[in-house]
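Breakdown of the fold
Residues per chain, in single letters:
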Amino acid sequence: MFRMPLPMNVIGARIMWSGSFIEAHCQRVLKHCRLYLHTDFHSKRFYTPRRAILYVPGDDERKIRKALSLKVDCIALDCEDGVASNRKNVARSTIRHFLDKECVSQQFPEWTVRVNSVDSGMCEEDLRVILTGPQKPPTLLLPKVDCIKQLQWFADKLSVIIGDERNKIKMNLILFIESAKGIMDLPKICQKSIELAEKSCFLPVALVIGSDDLCADLGISRSDDGYEILYARQRLVLIAKAFSFQAVDMVDINYKDLPALKKHSIAGARMGFTGKQVIHPNQVRIVQDAFSPTPEKVQWATDLIAAFNEHQLKGKGAFVYKDSMIDMPLLRQAQHIIQLAKMDKHNMQQ
């Protein structure tokens, strides 16, 4: 069917409207992201690599014991999707018993607990059982975060349960975004988490995309590479980096297809994700390799940091290094690379 071409003034108007719309949208996102520049917030944070987050059912003591021997950055003892509804109490008590008997306060691996969502009606009991013992997990994972009201509820319950210890404890908090509403309201969610962190006993450190629940919410089926939710993944990475959070990519459900896992992990790392969720021990090494820096990158970071320190002694700020202008953002990238390299070396020596 033949269509008359649009006049140039109409085309120009459409382009200008589109550009204005995009600019306005970006301004709204940046407005919500400004709080991440708060220096006090950054001064309290430290970087813990989470290249692979391995889920272990909280009601399976055998699998928890096996996880003790794994060279993985982060282990998530699960009370949520990995546990049947009639086994929730078993999972809580098993995790509580494990926390009391094992030393989980050490930096590596990072032992975390994924509680049930706020709207499930089970989160409060998870927190009560898991956090009232002498040994508390250094990190909590909160799934299905859709709005700031859920964060407020979580902060309030956490303060009540922790009680008098709330001024002495600062647990890391990893937020799971698993719905269309959560993706669209993500800047508000991140900003609210930082505001609550000032007076609560948690510190937001990472965002995780829940691909399967997101696809269910959208009414679509997920392919292996997750192309259908590419925008959501890109948006999560963009906003996570704006708030200096880590961004953790989706699970590869077909855990036996290791070549595909490697391909997807490398693609995720190139997209800006800092890690990936895994559900089987055989996935760990492949994923962590994909999110680890190459020897060439490590050498670049080492030399850059040395040059930066030399210029600092001379009282200089930004400087040129190998034909590139170096400032604080690039320095932070270099420090991140060195931290990951040290982490990988630590795991190889265990």
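The rules behind each value
- Residues numbered from 1 in each chain as written.
- Predicted model: local features only at pLDDT ≥ 70, side-chain atom pairs only at ≥ 80, totals over all residues.
- Heavy atoms only, no water.
- Axes fitted to C-alpha atoms, helices over the stretch in contact; angles between N-to-C directions.
- Helix = DSSP H or I, 4+ residues; strand = E, 2+ residues; numbered from the N terminus.
- Left-handed = near helix turned anticlockwise from the far one by under 90°.
- Contact = heavy atoms within 4.5 Å.
- Nonpolar A, V, L, I, M, F, W, Y, C, P; charged D, E, K, R; others polar.
- Expected span 1.5 Å × (residues − 1).
- Buried < 20%, exposed > 50% of the residue type's maximum accessible area, 1.4 Å probe, protein only.
- Arc of directions from axis to C-beta.
- Phe/Tyr/Trp six-rings, centres within 6.5 Å; stacked < 30°, edge-to-face > 60°.
- Lys NZ or Arg CZ within 6 Å of the ring centre and 35° of its normal.
- Pairing = 2+ DSSP bridges.
- Right-handed = clockwise from strand over helix to strand, strands pointing away.

1. Some thoughts on the packing of helix H5 (residues 123–131) against helix H6 (residues 148–162)
Running from amino to carboxyl end, H5 crosses H6 at an angle of 30°, the nearest separation of the two axes being 10 Å. Crossing of H5 against H6: the hand is right-handed. Each of Cys123, Glu124, Leu127, Arg128 and Leu131 in H5 lies in contact with H6, whose residues at this interface are Trp153, Phe154, Lys157, Leu158, Ile161 and Ile162. Each residue belonging to the contact of H5 with H6 can be placed in one class, and the counts come to eight nonpolar, no polar and three charged.

2. Observations regarding H6
For H6, with 15 residues, the first-to-last C-alpha span of 21 Å sits near the 21 Å given by 1.5 Å per residue. Every buried residue of H6 is accounted for by Gln150, Leu151, Phe154, Ala155, Leu158, Ser159 and Ile162. Taken down its axis, H6 places every buried residue within 165° of arc, on the same side. In H6, the exposed positions that point more than 90 degrees away from the buried face belong to Lys149 and Val160. Tucked into the core, H6 has its buried residues touching H5, strand E4 (139–142), strand E5 (171–177), helix H8 (186–197) and strand E6 (202–209). Backbone geometry just downstream of H6 places Gly163 in the positive-phi region, at approximately 65°.

3. Some thoughts on H8
In this model, H8 (12 residues) spans 16 Å end to end at C-alpha, consistent with the 16 Å of a helix rising 1.5 Å per residue. Residues of H8 that are buried include every one of Leu186, Pro187, Ile189, Cys190, Ser193, Ile194, Leu196 and Ala197, and no others.

4. A closer look at the side chain of Asp252
Relative to the helices and strands, Asp252 is located in the loop between strand E7 (246–249) and helix H11 (258–271). On the accessibility criterion, Asp252 (5% relative accessible area) is buried. In this view, Asp252 contacts Arg222, Ala260, Leu261, His264, Lys276, Gln277, Ile279 and Gln283; residues no more than four positions away in its chain are not counted.

5. Observations regarding the packing of aromatic side chains
By the definition in use, this model includes three aromatic pairs. One cation-aromatic arrangement involves Arg114 over Tyr55; the distance from NZ or CZ to the ring centre is 4.4 Å. Over the face of the ring belonging to Trp300 we find Lys297, whose NZ or CZ atom lies 4.9 Å from the ring centre.

6. Observations regarding the pairing of E4
Side chains Thr139 and Leu141 project from E4 onto one buried face, and the interleaved Leu140 and Leu142 project onto a second face that is buried too. Relative to E4, strand E3 (residues 110–114) runs parallel, the two being bridged by three bridges. In the strand pairing of E4, Thr112 is matched with Thr139. The β-α-β motif built from E3, the intervening H5 and the parallel element E4 has right-handed crossover chirality. Sheet topology places E4 next to E5; four bridges connect them, and they run parallel. Along E5, the bridge assignment pairs Leu140 with Leu173.

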